[in-house]
Amino acid sequence: MRLDRATIKTDRLNSERLINTLREKGVQLHCIKKSDHSLTFDVCSDNVAKCIECLENKNIQYDVVSKRDKSTIQNFAFGQLVLGFWIILYIFVTIFLCSYCYWVEVDAPTQTTKIAVEKIIAEQGLNQAFSKKKFDSKGLEKTILDRINNIAFVDISMVGSKLNISVRQQHLPPAQPIEYDKIVAGYDCIVERVLVSSGTAVVKAGDRVSKGQVLIDGYIDLGDPNDPANIRRQVPASGVVYGRVWKSKRVSLAEEYVEAVPTGTSMNTTSISVLGWDWKKPKLPPYQHYQTSTTSCVFGNFFPVTYHKTTYHEVKYIHQKVDEKYIQSQIDNAKMEIMADLEESAKPIRTWNFQKKLDKIYILDIYYEVEMPINVGG
């Protein structure tokens, strides 16, 4: 094999004589370096073979530290070409991937508005990867403004490969108060307090009234109501009437119920979505019955990677007999449902419940007595 260049290392013993001998043979030496124990020099071109032949004829121990031949140069050049190809390919792939959007994030003032915007996004196919060049932000903005009421403006921006949509609601002017001819009861109740701001109260505290009965009438007497000369003037009826209202809920329970009891065994699985596509899907657990909890996090804007961790908790369904503890839990749930349906201004006064058993069914009647505004415009 023909060497184009070699770095040779020999013993320093008689180094000056060796250098002179090689030069006499016509061997050109370069980069000569002497250390305490060795002599190192470079030999180029055709002198490489002549130098090695001379060293071997004189039985001089040598070591070719490095060498370069045509195949080495060709391999190096080929390696550089391959590296350059992969760099160029990486640049083109990166440019291509960056031309798509893979993730949409919606910021809305209410959950209802957010769901409505996400529905429009799904209809336009923007919930999957889409081309940034073909994306019409003005069209999407117009669609959101046209289809969702009370929207002041829509801000759409592209950050990396993520589309941000920010929706802001319109601030409507305060509604003008409605004037009523009379105020009537919205519930069957017992009147607790009557606060009149305009008109005349026709009921008083302690009166039992029915739904629809007049509470405040839209007039005022300028004199004695029993005087025939009294002048009655029509005015708007307004005010607040508080009354005691009864709310109730009935719950029916069978003698047995099925309860999901955790066994204490669980399994964690992970899944990864890259650029909007599922790269690794979660494995289902070997359990017959289970409950799940999932946490997710997203990394990156240009190439978003979504990591999901799902925990499967094994459960067994067991038939249980209804006991007092279970009955009390159902009563508590019913009470919470009643309270959730009450107006914010309602004030609970007392509560009670009745329990009876018919054949194999428990009947629970839960009652709430609350004080609350009972008036509506009439």
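Parameters and conventions
Residues numbered from 1 in each chain as written. Predicted model: local features only at pLDDT ≥ 70, side-chain atom pairs only at ≥ 80, totals over all residues. Heavy atoms only, no water. Pairing = 2+ DSSP bridges. Helix = DSSP H or I, 4+ residues; strand = E, 2+ residues; numbered from the N terminus. Buried < 20%, exposed > 50% of the residue type's maximum accessible area, 1.4 Å probe, protein only. Arc of directions from axis to C-beta. pLDDT = per-residue confidence, 0-100. Axes fitted to C-alpha atoms, helices over the stretch in contact; angles between N-to-C directions. Parallel < 35°, antiparallel > 145°, perpendicular 65-115°, else oblique. Left-handed = near helix turned anticlockwise from the far one by under 90°. Contact = heavy atoms within 4.5 Å. Nonpolar A, V, L, I, M, F, W, Y, C, P; charged D, E, K, R; others polar.

### Section: the sheet that holds strand β12 (residues 200-201)
Note: strands within a sheet are paired through backbone hydrogen bonds, in either parallel or antiparallel orientation. Read from one edge of the open sheet, four strands run β12-β14-β10-β24, paired in antiparallel fashion. Each having just a single partner strand, β12 and β24 (375-377) make up the two edges of the open sheet. Pairing geometry for strand β10 (residues 182-185) and β24, over three bridges, is antiparallel. Note that in β24 the partner of Val184 across the bridge is Val376.

### Topic: helix α2 (residues 47-57)
Residues of α2 that are buried: Asn47, Val48, Cys51, Ile52, Cys54 and Leu55. All buried residues of α2 fall inside an arc of 160 degrees around its axis, so they share one side. Of the residues in α2, the exposed ones pointing more than 90 degrees away from the buried face are Ala49 and Asn57. Looking at the residues trailing α2, positive phi occurs at Asn59, about 55 degrees.

### Focus on the confidence of the model for the chain
Within the chain, residue pLDDT values average 84, and 92% of them lie at 70 or more. The spread of mean pLDDT over the elements of the chain runs between strand β19 (residues 277-280), the lowest at 67, and strand β13 (residues 208-209), the highest at 94.

### Describing the packing of helix α4 (residues 111-123) against helix α5 (residues 137-147)
As a packed pair, α4 and α5 sit with axes 11 Å apart at the nearest point and diverge in direction by 135 degrees. In terms of axis orientation, α4 runs oblique to α5. Two packed elements cross with a definite hand, and for α4 against α5 that hand is right-handed. Residues Val117, Ile120 and Glu123 of α4 lie in contact with α5, whose contacting residues are Leu140, Thr143, Ile144 and Arg147. In terms of residue class, the contact of α4 with α5 is built from four nonpolar, one polar and two charged.

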